[in-house]
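# Residue-level structure breakdown
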Amino acid sequence: FPDKAPELISTFTELIDRILGCEKVTVAAVKGYALGGGFEIPLACDIILASQNAKMGVPEITLSHYPPIAIALLPRMVGWKNAYDIILTGEAVDANRAKEIGIVSRVFGDDNFDEDVRKYVKGLLDKSPAALRITKKALRASISLSFDSLSYIVNDIYLSQLIKTEDAVEGLNAFLEKRKPVWRSK
């Protein structure tokens, strides 16, 4: 196995990079168990929706390993203390705890999980694709910068990109005219 580790790590990291670099909003729906790499993939997504009975974690430490992607992503999401707890114990957290500490965006009941996920995603699909893409770009920029640097960058993205889209104008016009907007993704 050690001789295959470099290729496995490289391939998996490439997958995570693609998810993280995706311009579109990415949503993971977790129903049941998401452990190890099966948890790191949702961690790379923008939004995680979980069923009430979902359990998530990185048990690698129990095999004398650590989860590289979770180490890179979890502290930014849940803070250092929670990241240490999840990674060093290897214990899975339930959906409610995952929501409480900021891993999961929403928890839905198991009985209607698939339907609730569809409704949530439809709500996103009803938004302007251009606005979602540009807003995601601004959110990504906000993660690692000081407020001074961030406010400049976020304002610049808004003024140089978002406000110039046809969808931004359409959104304001639709609001003022009290009608549903028609998005053109431009």
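Up top is the structure these notes are about.
Here we summarise the structure given alongside this text. (Residues numbered from 1 in each chain as written. Predicted model: local features only at pLDDT ≥ 70, side-chain atom pairs only at ≥ 80, totals over all residues. Heavy atoms only, no water.)

Next up on the list: the overall build of the chain. Helix and strand counts for the chain stand at 8 helices and 6 strands. Of the regular secondary structure in the chain, the N- to C-terminal order runs α-β-β-α-β-β-α-β-α-β-α-α-α-α. Along the first, second and third principal axes, the C-alpha set of the chain runs to 60 × 40 × 30 Å. Restricting the contact set of the chain to residue pairs at least 6 apart, pairs at least 24 apart contribute 55%. (Helix = DSSP H or I, 4+ residues; strand = E, 2+ residues; numbered from the N terminus. Contact = heavy atoms within 4.5 Å.)

The mixed open sheet is built from 3 strands, whose spatial order is β2-β4-β5. The strands lining the two open edges of the sheet, one partner per strand, are β2 (33-35) and β5 (93-94). In this sheet, strand β4 (residues 55-57) lies alongside β2 in parallel orientation, the contact comprising 3 bridges. By the bridge assignment, Ala34 is partnered in β4 with Met56. With respect to the sheet, helix α2 (residues 37-44) is in contact with β2 and β4, its orientation differing from that of β2 by roughly 90°. (Pairing = 2+ DSSP bridges. Axes fitted to C-alpha atoms, helices over the stretch in contact; angles between N-to-C directions.)

A word on the pairing of strand β3 (residues 47-51). Where burial is concerned, most of β3 is hidden: 5 out of the 5 residues are buried. Residues Ile47, Leu49 and Ser51 line one face of β3 and the alternating positions Ile48 and Ala50 line the opposite face, and both faces are buried. Where strand β1 (residues 27-30) lies against β3, 4 bridges are found, and the strand directions are parallel. Bridging across to β3, Val30 finds its partner in Ala50. (Buried < 20%, exposed > 50% of the residue type's maximum accessible area, 1.4 Å probe, protein only.)

On to the nonpolar core, then. As a rule of thumb, soluble globular proteins bury nonpolar side chains together. Core analysis: the biggest nonpolar cluster contains 28 residues, and Phe39, Leu43, Met56, Leu74, Ile86, Ile103 and Val104 have the highest contact counts within it. The contact partners of Ile103, leaving out residues within four places of it in the chain, are Phe39, Leu43, Ile48, Leu74, Val78, Ile86 and Ala98. Within the second largest apolar cluster, 7 residues are counted, among which are Ile47, Leu49, Phe108 and Phe113. (Core = buried A, V, L, I, M, F, W, Y, C linked by side-chain atoms within 4.5 Å.)

For the rest of this paragraph, the subject is the environment of Ile16. Looking at the element boundaries, Ile16 is found in helix α1 (residues 5-21). Sequence spacing of Ile16 and Cys45 is 29 residues, and the spatial spacing of their C-alpha atoms is 8.8 Å. Those residues within four positions of Ile16 in sequence are excluded, and the remaining contacts are Glu40, Ile41, Ala44 and Ile69.

Evaluated as defined, the whole model comprises 8 salt bridges. Ionic pairing is found between Glu100 and Arg97, a salt bridge with its closest N-O pair at 2.7 Å. With Glu100 and Arg97 both in helix α4 (residues 95-100), this residue pair falls 3 residues apart, about one helical turn. With a relative accessible area of 60%, Glu100 lands in the exposed category. The partner of Glu170 in a salt bridge is Arg179, with the nearest N and O atoms 2.5 Å apart. Note on Glu170: relative accessible area 10%, which makes it buried. Connected through salt bridges with shared partners, the residues Asp46, Lys136 and Arg140 form a single ionic network. (Salt bridge = Lys/Arg side-chain N within 4 Å of Asp/Glu carboxyl O.)

A complete count under the given rule lists 2 aromatic pairs for this structure. Geometrically, the ring pair formed by Trp80 and Tyr84 is tilted, given 6.4 Å between the ring centres and 45° between the ring planes. Of this pair, Trp80 and Tyr84 both sit in helix α3 (residues 68-89), separated by 4 residues, roughly a single helical turn. (Phe/Tyr/Trp six-rings, centres within 6.5 Å; stacked < 30°, edge-to-face > 60°.)

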